[in-house]
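Close look at the chain arrangement
Next come the chains, spelled out residue by residue.
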Amino acid sequence: MTHHRPALFAAVLALGRAASNIGDHWIQNDHWARVKAATDAKPVLMPAADPDAEPVAHGTRDGIKACAWHCLSVGLAA
């Protein structure tokens, strides 16, 4: 029974890495990727849909939401 542990570890590690890559490169969009780093001290400015409008500032709350959606997408990919 102990001979299967390395194979199980390798399979779980490979599945986790594959899910991470799928979440990072195929599911996550550019908006999530940029806003994940947002904090109230250092907000992330994203261009508004209207070119004449002011950029939209994203703070900590938006960063947490973007990170949660990213984690959920990785979990669903696994």
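About the criteria used
- Residues numbered from 1 in each chain as written.
- Predicted model: local features only at pLDDT ≥ 70, side-chain atom pairs only at ≥ 80, totals over all residues.
- Heavy atoms only, no water.
- Helix = DSSP H or I, 4+ residues; strand = E, 2+ residues; numbered from the N terminus.
- Rg over C-alpha atoms; globule rule 2.2 N^0.38 Å.
- Buried < 20%, exposed > 50% of the residue type's maximum accessible area, 1.4 Å probe, protein only.
- Contact = heavy atoms within 4.5 Å.
- Areas by Shrake-Rupley, 256 points an atom, 1.4 Å probe, with all protein chains shown as cover.
- Lys, Arg positive; Asp, Glu negative; His and termini not counted.
- Charge placed at Lys NZ, Arg CZ, Asp CG, Glu CD.
- Polar contact = N/O pair within 3.5 Å; in protein donor to acceptor, adjacent residues only side chain to side chain.
- Core = buried A, V, L, I, M, F, W, Y, C linked by side-chain atoms within 4.5 Å.
- Expected span 1.5 Å × (residues − 1).

Below, the discussion takes up the overall build of the chain. From N to C terminus, the chain includes three helices and two strands. Sequence-ordered secondary structure for the chain, helices as α and strands as β, is α-α-β-β-α. Here the chain has a C-alpha radius of gyration of 18 Å; the compact-globule value for 78 residues is 12 Å, and the former is much larger. Taken along the three principal axes of its C-alpha coordinates, the chain extends 65 × 25 × 15 Å. Classification of the 78 residues of the chain by burial places 21% in the buried group. Across the chain, the fraction of contacts at a sequence separation of at least 24, relative to all contacts at a separation of at least 6, is 45%. A total accessible area of about 6000 Å² is found for the chain, and carbon and sulfur atoms account for 65% of it. Of the charged side chains in the chain, 7 are positive and 7 negative; the average position of the first set lies 17 Å away from that of the second.

This paragraph deals with the side chain of H70. Positionally, H70 belongs in helix α3 (residues 60–77). Beyond its immediate sequence surroundings of up to four residues, H70 is in contact with G23, D24, Q28, W32 and K36.

Inspection of the secondary structure puts H58 in strand β2 (residues 56–58). Only 3.0 Å separates the side chain of H58 from the side chain of D62, close enough to count as a polar contact. Sequence-distant contacts of H58, that is, excluding residues within four places in its chain, are made with H31, V35, A38, T39, P43, V44 and M46.

For the rest of this paragraph, the subject is the nonpolar core. One finds W32, V35, A38, V44, M46 and A66 forming the largest nonpolar core, which totals six residues. Residue assignment for this core shows that the elements contributing at least two residues are α2 (30–35) and β1 (44–46). Sequence-distant contacts of V35, that is, excluding residues within four places in its chain, are made with M46, H58, D62, G63 and A66.

Residue placement: A19 occurs in helix α1 (residues 5–27). Its relative accessible area of 2% is what places A19 among the buried residues.

So, about α1. Given a rise of 1.5 Å per residue, 23 residues ought to cover 33 Å, and the 31 Å separating the end C-alpha atoms of α1 matches this to within 8%. Along α1, the residues classified as buried are A19, S20 and G23.

Moving on, we come to the environment of N21. Among the secondary structure elements, N21 is positioned in helix α1. Residues N21 and A11, spaced 10 residues apart in sequence, show a C-alpha to C-alpha distance of 15 Å.

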